[in-house]
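# Examination of the molecular architecture
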Amino acid sequence: MRKISMRQAVNEALHIAFNSDERIFTIGEDIAVYGGQLRCSYDLLDHFGAERVRDTPISETGIVGAGVGAALIGLRPIVELSYIDFIGTCFDQIMNQAAKIRYMYGGAVNIPLVIRTEGGAGLGNGAQHSQSLEAILSHIPGIRVLMPSNAYDAKGLLLRAIRDNNPVVFIEHKALYKVKCEVPEEAYECDYTCDIKREGKDITIVAYSAMVNQALKAAEQLVQENIDVEIVDVRSLEPLDTETIVKSVQKTGRAVVVHEACRKGGFGAEIASQIQEAAWESLKAPVLRVGAPNVPVPFAPVLEKLFVPNDENIIGAVKECLNQ
């Protein structure tokens, strides 16, 4: 099977969606002529025209607000925010409008809105363009939050999100855009469920987005020490597939939760809490967490490298958990 990058997979999903439904359009800053800050819409303008692929002013408030309004009148907008860090300027549209309208109208209206954005550190983009803010979004009832870890899941999850009648925030890690894996050419969808990326018997690592790849690297090294790791990829933070996570931990008896976001108040705390509540009798040791320190993302390459969790941090946590 062919291998393509996550950027190509997202672009392919957009082509499939645009060809399947004329109500779908996309708006954002520099997404048409330039192809977007994320460079995933590089050829959409040529294929689908300026009516469906539109550049906007630099106004996240206007972009998301227009998306909410378009969704309310029956269109299916895909809006792009260049960086997740910019949700602060359009938080009212996300938190108080997109997330609440379907509930407030008793389900009489749909909000089929997809907000595509990128997050994460590691590429030297500085403190205001490198954050992992998924925990803030996951705390708001009424919106979906998806975070693919590879090209295959990115294509399938995006096609599923575009078909959803609820608002979806689709977060692509900027460090994964060039990473390739096997992706079918045909259309397919991924469910909002966790995926077991590696089966094991000694300990469960629960991770999402770029940290799944770090967990896989850690597992390859740990197997040399006869430590068999199971890796659960949380592709959807909301809704959260707690059942798959709990079943894995019940099998292994131990768990390490990993994310790139600051450890304090991160979404890993919610996952750890769910494990403690639902798998308490199976746990042989406390659930441990791996995350970034509670500081802004450094710009200096050496400091940024220290900030982002890696396979060595995960290996340390796994061994600590096994030794308790």
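Residues numbered from 1 in each chain as written. Predicted model: local features only at pLDDT ≥ 70, side-chain atom pairs only at ≥ 80, totals over all residues. Heavy atoms only, no water.

### A look at the overall build of the protein
Helix and strand counts for the protein come out as 12 helices and 14 strands. For the protein, whose C-alpha radius of gyration is 20 Å, the value lies close to the compact-globule estimate of 20 Å for 324 residues. Taken along its principal axes, the extent of the C-alpha atoms in the protein is 60 × 45 × 40 Å. Across the 324 residues that make up the protein, the buried fraction comes to 55%. Sequence separation of 24 or more characterises 82% of the internal contacts of the protein that already satisfy a separation of 6 or more. Summed over its atoms, the accessible surface of the protein is roughly 14,000 Å², and 51% of this surface lies on carbon and sulfur atoms. Measuring between centres, the 32 positive side-chain charges of the protein sit 2 Å from its 42 negative side-chain charges. (Helix = DSSP H or I, 4+ residues; strand = E, 2+ residues; numbered from the N terminus. Rg over C-alpha atoms; globule rule 2.2 N^0.38 Å. Buried < 20%, exposed > 50% of the residue type's maximum accessible area, 1.4 Å probe, protein only. Contact = heavy atoms within 4.5 Å. Areas by Shrake-Rupley, 256 points an atom, 1.4 Å probe, with all protein chains shown as cover. Lys, Arg positive; Asp, Glu negative; His and termini not counted. Charge placed at Lys NZ, Arg CZ, Asp CG, Glu CD.)

### Some thoughts on the layout of surface pockets
One number sums up the size of the largest pocket: a volume of about 290 Å³. In terms of lining residues, the largest pocket is bounded by 18 residues, among which Gln131, Ser132, Leu133, Ala261 and Cys262 are the most central. Secondary structure elements with two or more residues in the lining of the largest pocket: α6 (134–138) and β13 (255–262). A per-element tally of the lining of the largest pocket places β13 first, with three residues. Considered class by class, the residues forming the lining of the largest pocket number 10 nonpolar, six polar and two charged. Taken domain by domain, the lining of the largest pocket gets at least three of its residues from each of domain 1 (2–183) and domain 2 (195–323). Here the second largest pocket defines a volume of roughly 240 Å³. Along the walls of the second largest pocket sit 17 residues, with Ala121, Gly122, Ala175, Gln214 and Val308 positioned nearest its centre. Elements with a minimum of two residues in the lining of the second largest pocket: α8 (210–222) and α11 (301–307). For the lining of the second largest pocket, the domains that each give at least three residues are domain 1 (2–183) and domain 2 (195–323). (1 Å grid on protein atoms, 1.4 Å probe; cavity = no way out; pocket = protein on both sides within 12 Å on 5 of 7 lines; lining within 4 Å. Points joined across faces, edges and corners; volume = space filled by probe spheres on them. Nonpolar A, V, L, I, M, F, W, Y, C, P; charged D, E, K, R; others polar. Domains from an automatic or database assignment.)

### Here's the deal with the UniProt feature "domain: Transketolase-like pyrimidine-binding" (unreviewed entry) in the protein
In the numbering used here, UniProt assigns the "domain: Transketolase-like pyrimidine-binding" (unreviewed entry) feature to residues 4–179. With 36% helix and 18% strand, residues 4–179 has its two end C-alpha atoms placed 8 Å apart. (UniProt positions renumbered as here; feature names shortened; annotations may be inferred.)

### Regarding the side chain of lysine 174
By the secondary structure assignment, lysine 174 is in the loop between β7 (168–173) and β8 (180–182). Despite its burial, lysine 174 remains without a salt bridge, the nearest opposite charge being carried by glutamate 118 at 5.1 Å. Not counting residues up to four positions away in its chain, the partners in contact with lysine 174 are Tyr83, Glu118, Gly119, Gly120, Leu123, Asn125, His129 and Ser130. (Salt bridge = Lys/Arg side-chain N within 4 Å of Asp/Glu carboxyl O.)

### Here we look at helix α7 (residues 151–163)
Taking 1.5 Å of rise per residue, 13 residues should cover 18 Å, and α7 covers 19 Å from first to last C-alpha, within 8% of that figure. For α7, the buried fraction is high: 11 of the 13 residues fall into the buried class. Among the residues of α7, those classed as buried are Ala151, Asp153, Ala154, Lys155, Gly156, Leu157, Leu158, Leu159, Arg160, Ala161 and Ile162. The residue sitting at the N-terminus of α7 and contributing the capping side-chain oxygen is asparagine 150; that oxygen lies 3.1 Å from the backbone nitrogen of tyrosine 152. (Expected span 1.5 Å × (residues − 1). Polar contact = N/O pair within 3.5 Å; in protein donor to acceptor, adjacent residues only side chain to side chain.)

### What to know about a nonpolar patch on the surface
Taken together, Leu72, Ile73 and Leu75 make up a surface patch of nonpolar side chains, about 270 Å² in accessible area. For leucine 75, the location among the structural elements is in the loop between α3 (60–72) and β4 (76–81). Overall, the relative accessible area of 31% leaves leucine 75 in the partly exposed class. (Patch = residues over 30% accessible without salt bridge, like charges linked within 9 Å, V, L, I, M, F, W, Y side chains within 5 Å.)

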